[in-house]
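# Topology and contacts: notes
What follows is each chain in one-letter form.
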Amino acid sequence: MPTESATAPAVLGSEPILRPPRLGDGAQLWRIARDSQVLDVNSSYAYLLWCRDFAASSIVAEVDGRVVGFVIGYIRPDSPDTVFVWQIAVDAECRGRGLAAKILHALLDTVTPAGITTLETTISPGNTASQALFAAVARERGADLRTVSLFEENDFPDSHEAEQLYVIAPVQRQEERR
């Protein structure tokens, strides 16, 4: 059984390290998603694959050797200038400090040199925190944000809220576009 210090919550006393995920981070991503009580939790296997196959379009935040937040995404095969953000989450004890925005900006700063101009994500109508996060990131980057209906409730085989598609473009920082 782990000691209390091994499972104690991370505290953001110093700046987190923002980096691509490694295979060994998969279990921590799964735990953060599960504990968020907001995200659809994928299988632990999916998070391991994500860390292996989509590390170039994903970022984790690490404090004292522990992942405390992440964004996982992929480059859309039929739209190679678009990164789709699948999930973004921050441990409960690290929320309210702007970490999610830092992680999202780090992802965009990582993928824009490869020609990414657009970010897409879906957000359910009840997830006001994510709505505010993506709106703030668009504003901070001087980008346009538009939303369109993508998946209706009856598109899902289980009880799931509708999902609106959020499109942010251009994602390059304003000073990069000059």
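Residues numbered from 1 in each chain as written. Predicted model: local features only at pLDDT ≥ 70, side-chain atom pairs only at ≥ 80, totals over all residues. Heavy atoms only, no water.

### Regarding the nonpolar core
The following threshold applies: Definition of nonpolar core: a set of buried residues of the types Ala, Val, Leu, Ile, Met, Phe, Trp, Tyr and Cys, connected through side-chain atoms within 4.5 Å. Buried residues are those whose accessible area, probed at 1.4 Å on protein chains only, stays under 20% of the maximum for their type, while exposed residues exceed 50% and partly exposed ones sit between those limits. What counts as a helix is a DSSP run of H or I of at least four residues, what counts as a strand is a run of E of at least two, and both are numbered from the N terminus. Every residue pair with non-hydrogen atoms within 4.5 Å of one another is taken to be in contact.
Ranked by internal contacts, the top residues of the largest apolar core, which has 29 residues, are Val71, Leu104, Leu107, Leu119 and Phe134. Elements represented by at least two residues in this core include exactly strand S2 (58–63), strand S3 (66–75), strand S4 (82–90), helix H4 (99–111), strand S5 (118–123), helix H5 (128–140) and strand S7 (163–169). With eight residues, H4 is the largest single contributor of residues to this core. When neighbours within four sequence positions are excluded, Leu107 is seen to be in contact with Ser57, Ser58, Ile59, Val71, Val83 and Val85. Counting 11 residues, the second largest nonpolar core, distinct from the first, contains Leu29, Ile32, Tyr47 and Cys51.

### A short note on a negative patch on the surface
Filter applied, for reference: Patch membership requires over 30% relative accessible area and the absence of a salt bridge. Like charges are linked within 9 Å, and nonpolar side chains (Val, Leu, Ile, Met, Phe, Trp, Tyr) within 5 Å. Exposure was quantified through the Shrake-Rupley algorithm and a 1.4 Å probe, taking into account, for residues, occlusion by the shown protein chains and nothing else. Here, a salt bridge means any side-chain nitrogen of Lys or Arg that lies within 4 Å of a carboxyl oxygen of Asp or Glu. Positive charges come from Lys and Arg alone, negative charges from Asp and Glu alone, with His and the N- and C-terminal ends not counted. To locate a charge, take atom NZ for lysine, CZ for arginine, CG for aspartate or CD for glutamate.
Taken together, the side chains of Glu152, Glu153, Asp155 and Glu161 make up a negatively charged region of the molecular surface. Here Asp155 lies in the loop between strand S6 (144–151) and S7. What makes Asp155 partly exposed here is its relative accessible area of 48%.

### Quick word on the pairing of S4
Using the following cut-off: If DSSP finds at least two bridges between two strands, the strands pair.
With eight of nine residues buried, S4 lies mostly within the body of the structure. Between S3 and S4, which follow one another and run antiparallel, lie six residues. Across four bridges, the pairing between S4 and S5 is parallel. From the neighbouring strand, Thr82 faces S5, where its bridge partner is Thr118.

### Describing the packing of aromatic side chains
Rules: Only the six-membered ring of Trp is used, alongside the rings of Phe and Tyr, when aromatic pairs are assigned; centres must lie within 6.5 Å, and planes under 30 degrees apart are stacked while those over 60 apart are edge-to-face, with the rest tilted.
The full count for this structure, using the stated rule, is eight aromatic pairs. An aromatic cluster is built from Trp50, Phe54, Tyr74, Phe84 and Trp86, whose rings are joined through pairwise contacts.

### Focus on the pairing of S2
The buried fraction of S2 is high, at six of six residues. Judged by which residues are buried, S2 turns out to be covered on both faces: Ser58, Val60 and Glu62 on one side and Ile59, Ala61 and Val63 on the other are all buried. Bridge count for S2 against S3 is six bridges, and the pairing is antiparallel. Note that in S3 the partner of Ser58 across the bridge is Ile72. As consecutive antiparallel partners, S2 and S3 are separated by two residues, and within that stretch Asp64 has a phi angle of approximately 50 degrees, a positive value.

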